[in-house]
Amino acid sequence: MSAFLLNPQTADYAHFDEETRRLLRATVDFFESYGKQRLLQADLDADWVTDFLAFEKREKLFATFLTPAAYADGDPNRRWDAARNAALSEILGFYGLSYWYAEQVTILGLGPIWMSANEDAKRKAARQLADGGVMAFGLSERAHGADVYDTDMILTPTGDGGFTASGTKYYIGNGNVAGMVSVFGRRADVEGPEGYVFFAADSAHPAYELIDNVVHSQMFVSTFALHDYPVTAADVLHTGPDAFAAALNTVNVGKFNLCHGAIGIGEHAFYEAITHANNRILYGHPVTDFSHVRANFVDAYARLAAMKLFSDRSVDYFRSASREDRRYLLFNPMTKSKVTSEGEKVVTLLLDVIAAKGYEKTTYFHQANRYIGWMPRLEGTVHVNVAQILKYMPNYLLNPAEYPGIGTRLDPADDAFFFAQGPLGGASKVPFADWTTAYEAAADEPNVAIFYEQAKALREFLLTAAPDKEQAEDLDFVLNVGHLFSLVVYGQLILEQAALTGLDRSLLSRIFDLQIRDFSAYAVGLYGKPGATPAQQQWALDAVRRPVADPATFDRVWEQVAAYDGAYEMRP
């Protein structure tokens with residue numbers, strides 16, 4: 001069996017161009033040269049990621065990966081390429097969330113800049129990246145969270161085309177060192193959406209007060225205040241509804257990398273867990289001789305594989321997006337909520353096996369266990385994203401459209417559309433290709449066929465027992481429906497990627513064993529909702545299914561799991 005999970009010691013990234021391969025390997029080598037003890041101690045001491053940023057400056061890592069080709073100053077290696085950005089996110093998550101976070105918030109900070117018509121600001125950002133700088137995204141506030149409809153960052157006109165900005169921002173990564181902070185605010189003299197402004201601030205300016213890191217971590221999740229900060233016309237990135245659109249469009253693409261960061265965390269934790277458990281003797285037997293331990297490992301591996309299959313396939317849709325193909329708008333909240341939540345389940349399954357070992361400060365697992373829950377929460381709570389996902393459900397399930405096929409997108413192209421997404425709105429009108437095609441093609445796999453029955457049942461639910469107006473306003477009720485729908489979307493892209501990569505059929509069967517169980521659990525949850533009608537209750541009971549019990553398939557996947565014992569160990 002060829003290893004499915006990332007092994008940094010053997011990964012050669014041969015599917016990428018030469019400079020991308022070199023930089024990805026250089027990133028791996030940087031962390032491997034650290035050694036595990038040094039890496040973990042830096043986390044325990046909450047040391048700011050200075051060494052990593054010195055490395056990225058020396059290698060021009062962020063400049064190469066995060067500069068659109070139009071501002072690359074003729075460097076053919078600089079481009080915004082979601083495929084290689086995903087690979088980098090996986091590496092950074094593998095070694096520590098703090099390193100991933102430094103890049104993640106740089107991506108967010110760059111979004112409003114690259115989306116703007118401010119050529120001077122874009123050239124300035126490109127220069128700062130080339131000089132090793134990082135960026136920040138000044139959207140969230142303590143009182144309002146990331147609610148872009150409301151902000152207490154107030155811009156007062158100065159009479160010469162500029163403003164003074166005053167207010168406080170909260171949960172702002174890289175706010176301690178960012179060369180350009182994209183700040184969202186509103187004019188004091190203009191009401192409503194026309195008053196919104198996105199502008200670039202400098203964290204080194206005297207009117208910029210860095211107040212605190214609101215978490216104890218290597219990550220600098222800052223709170224900062226602006227005190228009559230001078231905003232010139234050259235600092236303004238967007239005004240009016242365009243500023244609002246820039247905020248949401250940045251999130252549409254900027255937070256996609258959550259999925260691969262979570263995958264990297266899960267992979268490193270998995271290596272530690274199987275190597276520990278498979279070599280620990282309890283009651284005269286290796287821990288992995290116990291059936292419940294093997295079940296946990298097989299489930300964790302299948303969930304991790306599903307995360308990777310869905311996320312890798314999502315990259316293809318993101319890179320192929322256009323004004324005519326906006327399916328990425330569904331897959332983005334899926335990666336933010338579904339994939340990251342699955343990462344939390346993976347770590348919990350593994351922790352239930354290795355128990356006390358998972359809390360030891362000499363393990364990467366200790367770090368993974370602390371941080372994996374941040375992914376679906378710190379970057380946007382699950383319920384917000386599931387509510388967003390629900391907007392696409394009727395068109396997705398009931399109104400298939402025609403699209404040209406999308407293959408695997410590993411070509412070294414610049415993903416320029418990310419910064420030209422256009423106006424907001426119309427989520428409920430986004431068309432999708434026929435989701436049943438992927439299921440029909442794999443229906444010879446028994447567990448795929450059973451889950452396909454459940455997916456078709458959800459379509460019937462919409463036609464015969466859909467939530468009424470009152471239920472649609474009950475977020476607790478409709479979130480359960482959203483989770484059911486998420487599983488259908490998740491399964492589609494998993495099947496597409498499995499077909500493209502020739503995934504082992506036993507592993508595919510175990511993934512859909514989980515899909516069936518998860519769908520059944522949410523159906524039972526819907527049955528128990530106080531507001532469920534008799535028709536909805538009956539639908540829920542009828543939608544419950546049992547996976548095919550196949551010990552031989554389970555054993556084959558267990559053998560794949562056991563093969564990871566000792567396959568990767570970071571040097572001391």
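These figures come from a predicted structure and were not determined experimentally.

Chemist: I would appreciate a short explanation of the domain arrangement of the protein in the present structure.
Modeler: How big an interface is tends to be stated in terms of the accessible area lost upon association of its parts. When cut into domains, the protein gives domain 1 (18–134), domain 2 (137–240) and domain 3 (381–399 + 429–571). Taking only C-alpha atoms into account, the centre of domain 1 sits 23 Å from that of domain 2. Domain 1 puts 27 residues into the contact, and the matching count from domain 2 is 24 residues. Taken together, the two surfaces of domain 1 and domain 2 that pack against each other cover about 2100 Å², and 60% of this comes from carbon and sulfur. The three residues of domain 1 that bury the most area against domain 2 are W48, Y101 and P112, which together make up 28% of that side's buried surface. One can count zero salt bridges joining domain 1 with domain 2. There are 11 residue pairs in polar contact (both at pLDDT 80 or more) connecting domain 1 and domain 2. Of all the elements in the fold, those that place two or more residues in the side of domain 1 that touches domain 2 are helix 2 (36–44), helix 6 (97–114) and helix 7 (119–130). In terms of residue count, helix 6 provides more of the side of domain 1 that touches domain 2 than any other element does, 11 residues in total.

Chemist: Sorry if this is basic, but what is going on with the nonpolar core here?
Modeler: Note on soluble globular proteins: their nonpolar side chains tend to be buried together. In terms of nonpolar packing, the biggest core is built from 179 residues, with F52, W114, F270, F297, L330, I511 and W539 touching the most fellow members. The biggest single contributor to this core is helix 10 (residues 291–319), with 15 residues. Residues in contact with W114, not counting those within four places in the same chain, are L66, T67, P68, Y71, W80, K122, A125, A126, L129 and F419. Counting 19 residues, the second largest nonpolar core, distinct from the first, contains A136, A178, V181 and V231.

Chemist: Just checking my understanding: could you explain the pairing of strand 2 (residues 154–157) for this structure?
Modeler: In the case of a regular strand, side chains alternate between the two sheet surfaces. Sheet topology places strand 2 next to strand 3 (residues 163–173); four bridges connect them, and they run antiparallel. If you follow L155 over to strand 3, its bridge partner there is A165. Between strand 2 and strand 3, which pair antiparallel and follow one another directly, the connecting turn spans five residues, one of which, G159, has a positive phi of 90 degrees. Direction of pairing for strand 2 relative to strand 4 (residues 180–187): parallel, over a ladder of two bridges. In the sheet register, L155 faces strand 4, and the bridge partner there is R187.

Chemist: It is not clear to me how the pattern of salt bridges should be interpreted in this structure. Could you clarify?
Modeler: For side chains bearing opposite charge, pairing can occur when the charged atoms are close. One pass over the structure, following the stated rule, counts 38 salt bridges. When the shortest N-O distance is used, the salt bridge between E141 and K169 registers 2.8 Å. Within this pair, whereas E141 is found in the loop between strand 1 (135–138) and strand 2, its partner K169 is found in strand 3, the two being separated by 28 residues in sequence. When sorted by exposure, E141 lands in the same class as K169, which is buried. Put simply, R510 and D299 hold a salt bridge, and the shortest N to O gap is 3.6 Å. With R510 in helix 20 (residues 505–527) and D299 in helix 10, this residue pair connects regions lying 211 residues apart in the sequence. Residue class for R510 comes out buried when judged on its relative accessible area of 11%.

Chemist: What is the right way to look at unusual backbone geometry in this model?
Modeler: Trans is the prevailing form of peptide bonds, just as negative phi is the prevailing case for residues other than glycine. If you check the backbone angles, D73 has positive phi at about 55 degrees while not being a glycine. As for its placement among the helices and strands, D73 is situated in the loop between helix 4 (61–66) and helix 5 (82–95). Overall, the relative accessible area of 76% leaves D73 in the exposed class. The backbone phi angle of A355 is positive, close to 50 degrees, even though this residue is not glycine.

Chemist: Looking at this structure, I do not really get the layout of surface pockets. What am I missing?
Modeler: The gaps of empty space that remain are located by a probe, the size of a water molecule, rolled over the atoms. What the second largest pocket holds in volume is close to 830 Å³. Lining the second largest pocket are 33 residues, with F4, H15, K308, D312 and Q497 positioned closest to its centre. Put simply, the parts of the chain that give the lining of the second largest pocket at least two residues each are helix 5, helix 10 and helix 19 (475–501). Ranked by the residues each element gives to the lining of the second largest pocket, the list is headed by helix 10, at six residues. Looking at side-chain class alone, the lining of the second largest pocket contains 18 nonpolar, eight polar and seven charged residues. Formed jointly, the lining of the second largest pocket draws a minimum of three residues from each of two domains, domain 1 (18–134) and domain 3 (381–399 + 429–571).

Chemist: Sorry if this is basic, but what is going on with the side chain of E496 here?
Modeler: Mapped onto the fold, E496 is located in helix 19. Look at E496 and you get buried, because its relative accessible area is 17%. Residues contacting E496, with those up to four places away along its chain left out, are R313, Y317 and A438.

Definitions and cut-offs
- Residues numbered from 1 in each chain as written.
- Predicted model: local features only at pLDDT ≥ 70, side-chain atom pairs only at ≥ 80, totals over all residues.
- Heavy atoms only, no water.
- Domains from an automatic or database assignment.
- Contact = heavy atoms within 4.5 Å.
- Buried area = accessible area lost by both parts, 1.4 Å probe.
- Salt bridge = Lys/Arg side-chain N within 4 Å of Asp/Glu carboxyl O.
- Polar contact = N/O pair within 3.5 Å; in protein donor to acceptor, adjacent residues only side chain to side chain.
- Helix = DSSP H or I, 4+ residues; strand = E, 2+ residues; numbered from the N terminus.
- Core = buried A, V, L, I, M, F, W, Y, C linked by side-chain atoms within 4.5 Å.
- Buried < 20%, exposed > 50% of the residue type's maximum accessible area, 1.4 Å probe, protein only.
- Pairing = 2+ DSSP bridges.
- 1 Å grid on protein atoms, 1.4 Å probe; cavity = no way out; pocket = protein on both sides within 12 Å on 5 of 7 lines; lining within 4 Å.
- Points joined across faces, edges and corners; volume = space filled by probe spheres on them.
- Nonpolar A, V, L, I, M, F, W, Y, C, P; charged D, E, K, R; others polar.

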